[in-house]
Amino acid sequence: MRVPAPRGGEDGRETRGPHSQWLLFLLDSVMITPAFELTQDLDFLTIIIKVPYARASEFDVYFEGEDFKFYAKPYFLRLTLPGRIVEDGREKACYDTDKGTFTIQLPKEIPGQYFEGLDMLTSLLAPKKSRSAKPLVEEIASSAELSEEEEEEFDWEIEQIPYKESAENTLPLQYRYGFGNLRSGVFQRLQDELSDVIDIKDPDQTPVGERRRKRLAAEAAKFDPDHYLADFFEDEAILQILKYKPWWVDAHKKMIDLKGECHQEHDTRTFVVFSEEEREQLRKFTNKSYLLDKRSRHHIYLGLIDILLAYCYEICVNEGDKNVESSWNVRKLSATLCWLESFTSIHDVLVSFGRRVLCYPLHRHFGLVARAFNDTVMILQLGKAAVLKCLLDIHQIFRENDPAYILNDLFITDYCIWIQKTKSKKLAALAESLQKTTLTKSHIGFELEELEAAAVLVQEEERVLEAAGTVSKQQLPSSESETSDSEESSCTSSSETEGSDSDEPESSATEDGKINSLQGTRLEERTAPLIDRNGLRQGTNTSTFEVSDEKPNVSLQSTSVPGKLIEELEKQMHTAIRLSEQPEGLATASCVLQEQEENGVSELDRFSKDTTGKGNFLEVSSKTNPLLFLGSTNEDGD
């Protein structure tokens, strides 16, 4: 049916054939594809077309079955709809002059039918049949591919036979890579950008098996146990990152809740919404079909998982914000993008992603691997709309990065076009297989569990040593106080003896108290180095022996002082107090000189008294003299 402009013929219809004006338009001008949007309810399909510079009085609409065409010079739109529409008199069209939009409402042939993929704009732009030879071959192959997919379920655990290159073709052969392994020779023209985009050298001459061996060797050389253990024990930042919830978490929750209430199929756009910028990018894509065999389709699905895992990590660690490292994160963590890898199983994809997360980015934690795994499952369960939205975001990230745009040409653009034609049940089966696959630390291959166990043992030993050091610090002051108490008791007994033999007991007791305080200070200085930097006591037995050896020497040297020498001893006591306030080395030297002078005077005095036969002999006393104890301490220090 054609719906002409209001100023058409007498009956409101054009008299020319249904396709004549389309042909004239194609000859006279260049087509401009307008912005458009499709919505649906139970009975109608609504198409909103934005044509701000068109003449409202000159437009044509044609629709029949799955075909829809719209013309308003200079705009032309042709769509292949996912369901059939019918002409029954209920169709309506209106034009909003303020917004410059046409709204066309078309009745569904089967009321209540759900039209899937109305937001897959690139696939809607596809012609039903092509007039050129090359697209015709691709369409036939594509149709055969779809019929094959519909007949049997795809076996994700299919046994893979490694590809072997023929020896007779190795001379001129260029190995393939890219989406479906359909490209070759790209990096021969882009040698300057090669190292900034991928890690493999000379990919055109490197077979798939050698790429994998080189990738594993590079990952093993890059793995840093210290970095991994640092993130393992100091995981405050990791825990904060894991709290972030991207948009697909809420969308997945809504989908699960809605499925619990009703088992009917719902429009995924209830959960996934495309921005205007994303819609514009979908309209810019050139729709095409791909000639793919079963092996190539298998590689494409596995590569999609690998790319989504890297993207989920990037979104999680940056909490949805883009930065200069976003492009690096996505392509570095995906072996499909960075090493042009072709995987053979889902488990291989997970192992590769886990290894690269623990080798390259800033945050290297196994919890981030598990988080990306769960997010990828949710995205696949949400359907191709969610997958397409993620791919469009990756496309934008690479488009804004100078060397990474090459990856759009090799992978992402084709993925964006291909995913729009993918059956939803295929993605659901892929999500189920991914969810059943397990990944543990032992699969990664870096002996992570052994590293963690060894680190935990070292940490426990450090805690035990710290606890022992704390106990030693607590016991040390108590032992020093006991030593001080014993010295005070010794000084007290000495003071009592001096009080009975001298005429000035109060002065002697006062001076004894000062000397005891100085002695306690010196003991603290001698015992302070007993605690080492690990909190352990060093040389405790040696210090104990030094202190115990001093006491017998003091008791042997201490004597009972006669009354005639009291003035001389008083001067000596003041001198000792003054010297103790000086630096330790000077005080010790002065005490040695003082003792030498004293010994010389006493020997001369005793010699003179012995020759005359007069005077008192010195008696050895069992009580300790604090003055001589101070002197002996300084001598031992030297």
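Residues numbered from 1 in each chain as written. Predicted model: local features only at pLDDT ≥ 70, side-chain atom pairs only at ≥ 80, totals over all residues. Heavy atoms only, no water.

## Topic: the overall build of the protein
- Within the protein, the regular secondary structure consists of 24 helices and 7 strands.
- Accessible area of the protein: about 34,500 Å², with a carbon and sulfur share of 52%. (Helix = DSSP H or I, 4+ residues; strand = E, 2+ residues; numbered from the N terminus. Areas by Shrake-Rupley, 256 points an atom, 1.4 Å probe, with all protein chains shown as cover.)

## Quick word on the nonpolar core
- Judged by nonpolar contacts, the single largest core of 123 residues is most densely connected at Ile49, Phe68, Phe70, Leu79, Trp248 and Trp418.
- In terms of residues, this core owes the most to one element, helix α10 (residues 294-317), which gives 15 residues. (Core = buried A, V, L, I, M, F, W, Y, C linked by side-chain atoms within 4.5 Å. Buried < 20%, exposed > 50% of the residue type's maximum accessible area, 1.4 Å probe, protein only.)

## So, the sheet that holds strand β3 (residues 44-50)
- Across the sheet, which stays open at both edges, the 4 strands sit in the order β2-β3-β7-β6 with antiparallel pairing between neighbours. A single partner strand is all that each edge strand has here, and the edge strands are β2 (35-40) and β6 (92-96). On average, adjacent strands in this sheet sit at an angle of 15° to one another, irrespective of strand direction.
- Sheet topology note: the β3/strand β7 (residues 101-107) ladder contains 7 bridges and is antiparallel. Looking at β7, one finds that isoleucine 48 is bridged to threonine 103. (Pairing = 2+ DSSP bridges. Axes fitted to C-alpha atoms, helices over the stretch in contact; angles between N-to-C directions.)

## Overview of the pattern of salt bridges
- Considering all chains together, one arrives at 21 salt bridges under this definition.
- Notably, a salt bridge pairs lysine 253 with aspartate 257, separated by 3.3 Å at the nearest N-O pair. Of this pair, lysine 253 and aspartate 257 are both found in helix α8 (residues 247-261), 4 residues apart, which corresponds to roughly one turn of the helix.
- With its nearest N and O atoms 3.3 Å apart, the salt bridge here joins aspartate 414 to lysine 288. Of this pair, aspartate 414 sits in helix α16 (residues 405-419) while lysine 288 sits in the loop between α9 (276-284) and α10, and the two are 126 residues apart along the sequence.
- Several salt bridges share partner residues, and in doing so they unite Asp199, Arg212, Arg215, Glu219, Lys332, Glu341, Arg355 and Arg356 into one network. (Salt bridge = Lys/Arg side-chain N within 4 Å of Asp/Glu carboxyl O.)

## Thoughts on the pairing of strand β5 (residues 75-85)
- Within β5, 8 of the 11 residues are buried, which leaves the element mostly enclosed by the surrounding structure.
- In this structure, strand β4 (residues 60-72) lies alongside β5, joined through 7 bridges in antiparallel fashion. Directly across from phenylalanine 68, in β5, lies its bridge partner leucine 79.
- The turn joining β4 and β5, which pair antiparallel and follow one another in sequence, is formed by 2 residues.

## Side note on unusual backbone geometry
- Residue proline 74 is bonded to the preceding lysine 73 through a cis peptide linkage, with omega at 10°.
- By secondary structure assignment, the location of proline 74 is in the loop between β4 and β5.
- In this structure, leucine 340 is a non-glycine residue whose phi angle is positive, near 55°.
- Position of leucine 340 among the secondary structure elements: in the loop between α12 (335-338) and α13 (346-357).

## Here's the deal with the packing of aromatic side chains
- Tallied over the full model, the rule gives 16 aromatic pairs.
- With a centroid separation of 5.0 Å and an interplanar angle of 85°, the aromatic rings of phenylalanine 179 and tyrosine 415 are classed as edge-to-face. Taken together, the residues phenylalanine 179 in the loop between α3 (133-151) and α4 (191-197) and tyrosine 415 in helix α16 connect sequence positions 236 residues apart. Considered together, phenylalanine 179 and tyrosine 415 belong to a single accessibility category, that of buried residues.
- Relative to tryptophan 418, the ring of tyrosine 301 has its centre 5.2 Å away and its plane inclined at 70°; by these criteria the two rings are edge-to-face. Here the residue tyrosine 301 occupies a position in helix α10, and tryptophan 418 occupies one in helix α16, the gap between them amounting to 117 residues. Like tryptophan 418, tyrosine 301 is buried.
- Cluster of aromatic residues (ring-pair linked, three or more members): Phe179, Tyr290, Tyr301, Tyr415 and Trp418.
- In this arrangement the basic side chain of lysine 389 is found over the ring face of tryptophan 247, its NZ or CZ atom lying 5.9 Å from the centre. (Phe/Tyr/Trp six-rings, centres within 6.5 Å; stacked < 30°, edge-to-face > 60°. Lys NZ or Arg CZ within 6 Å of the ring centre and 35° of its normal.)

## Looking at the confidence of the model for the protein
- Averaged over every residue, the pLDDT of the protein is 73; residues scoring 70 or more account for 60%.
- The spread of mean pLDDT over the elements of the protein runs between helix α21 (residues 540-557), the lowest at 37, and α13, the highest at 97.
- This model gives residues 4-20 a pLDDT under 50, and the stretch forms 27 contacts once residues within four places in sequence are excluded.
- Long-range and interchain partners of residues 626-638, a stretch whose pLDDT sits below 50, account for 30 contacts in this model, where long-range means more than four residues apart. (pLDDT = per-residue confidence, 0-100. Contact = heavy atoms within 4.5 Å.)

## Quick word on α9
- For α9, the full list of buried residues reads Glu278, Arg279, Gln281, Leu282 and Arg283.
- Buried positions along α9 lie against β2, α2 (121-124) and α15 (384-399).

## So, the state of the cysteines
- Evaluation of the coordinates by the stated rule reveals 0 disulfides.
- Free of any disulfide, cysteine 312 has its nearest cysteine sulfur in cysteine 390, 6.1 Å distant.
- On the basis of relative accessible area, cysteine 312 is assigned to the buried category, the value being 1%. (Disulfide = S-S within 2.5 Å.)

## Section: the side chain of lysine 108
- Mapped onto the elements of the fold, lysine 108 is located in the loop between β7 and α2.
- Buried charged residue lysine 108 carries no salt bridge. Nearest counter-charge: aspartate 41, at 5.6 Å.
- For lysine 108, the side chain forms a polar contact with the side chain of glutamine 40, separated by 2.9 Å.
- Of note is the side chain of lysine 108, whose polar atom sits 2.8 Å from the backbone oxygen of aspartate 41. (Lys, Arg positive; Asp, Glu negative; His and termini not counted. Polar contact = N/O pair within 3.5 Å; in protein donor to acceptor, adjacent residues only side chain to side chain.)

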